[in-house]
Amino acid sequence: MKHVEYSFNDSDIETCLFALTKLPLVHEDIENISEAQIDINEECAISVSEKLIQHDFEHILPNEIRVLCCCIMFCDGVCHGEYSVSKDCYQECMKFMFSLNKLSNSLCSQI
C-alpha cells in the first residue's frame, strides 16, 4: 500500500473517530473474518484513534488507514442506504454525512 498523505482538520478527526466506533458493524458485514483479523483491526483502530487525537498524522500506518477507510466507507454506505442498520445507527451516521462523503472521496480514494 502506498503512503497516503492527507491533512486532517478538526471535523475530519471527529468524523474519523465516530466512524471507527462502527468497526464491530464492519466486522459483522464481512463473511469468514477470522478472530485474528478482528484483533488486528481493533488494534489498528485504537492506534489510529490515538494518532488522530494527538494530531500525529505523519505516523499513521498503512494498515491503520485501511481500517479507518473501511469504517468511513461503511458509514458513508449507511448514509446511502447500502447497509441495513438500526434507526439509531442510521441517524448517527447521517449527522456526519457530508464529512463521511468527503473523506470517502478524498482520503479513501487514495488507497
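What counts and how
Residues numbered from 1 in each chain as written. Predicted model: local features only at pLDDT ≥ 70, side-chain atom pairs only at ≥ 80, totals over all residues. Heavy atoms only, no water. Axes fitted to C-alpha atoms, helices over the stretch in contact; angles between N-to-C directions. Helix = DSSP H or I, 4+ residues; strand = E, 2+ residues; numbered from the N terminus. Parallel < 35°, antiparallel > 145°, perpendicular 65-115°, else oblique. Left-handed = near helix turned anticlockwise from the far one by under 90°. Contact = heavy atoms within 4.5 Å. Nonpolar A, V, L, I, M, F, W, Y, C, P; charged D, E, K, R; others polar. Phe/Tyr/Trp six-rings, centres within 6.5 Å; stacked < 30°, edge-to-face > 60°. Buried < 20%, exposed > 50% of the residue type's maximum accessible area, 1.4 Å probe, protein only. Expected span 1.5 Å × (residues − 1). Core = buried A, V, L, I, M, F, W, Y, C linked by side-chain atoms within 4.5 Å.

(A) Fine view of the packing of helix α4 (residues 62-79) against helix α6 (residues 97-106). Remark: α4 packs on α6, axes separated minimally by 9 Å, with the N-to-C direction vectors making an angle of 130 degrees. Relative to α6, the element α4 lies oblique. α4 and α6 meet at a crossing whose hand is left-handed. Contacts from Ile 72, Met 73, Cys 75, Asp 76 and Cys 79 of α4 reach α6 at Met 97, Leu 100, Asn 101, Leu 103 and Ser 104. A class-by-class count of the residues in the contact of α4 with α6 yields seven nonpolar, two polar and one charged.

(B) Spotlight on the packing of aromatic side chains. By the definition in use, this model includes four aromatic pairs. Here the aromatic rings of Tyr 6 and Phe 8 are separated by 4.9 Å at their centres, their planes lie at 70 degrees, and the arrangement is edge-to-face. Classification of Tyr 6 by relative accessible area gives buried; the value is 19%. Under the relative-accessibility criterion, Phe 8 is labelled buried at 8%.

(C) Quick peek at the packing of helix α3 (residues 35-53) against α4. Where α3 meets α4, the axes come as close as 8 Å, and the angle between the chain directions of the two elements is 95 degrees. The angle between the axes of α3 and α4 places the two elements in the roughly perpendicular class. Each of Gln 37, Asn 41, Cys 44, Ala 45, Ser 47, Val 48, Lys 51 and Leu 52 in α3 lies in contact with α4, whose residues at this interface are Asn 63, Glu 64, Arg 66, Val 67 and Leu 68. Of the residues assigned to the contact of α3 with α4, the class counts are six nonpolar, four polar and three charged.

(D) Layout of α4. Taking 1.5 Å of rise per residue, 18 residues should cover 26 Å, and α4 covers 26 Å from first to last C-alpha, within 8% of that figure. Here α4 lies mainly inside the structure; 13 of its 18 residues are buried. Where α4 ends, the next residue or the one after it, Gly 81, has phi of about 75 degrees, a positive value.

(E) Local environment of the nonpolar core. Membership of the largest hydrophobic core comes to 32 residues, with the highest contact counts inside it found for Phe 8, Leu 20, Leu 52, Leu 68, Ile 72 and Leu 107. Contributions of two or more residues to this core are made by α1 (10-20), α2 (23-29), α3, α4, α5 (87-95) and α6. The element that contributes the greatest number of residues to this core is α4, accounting for 10 residues. Look past the residues within four positions of Phe 8 in its chain and what remains in contact with it is Ile 13, Cys 16, Leu 52, Phe 57, Ile 60 and Leu 107.

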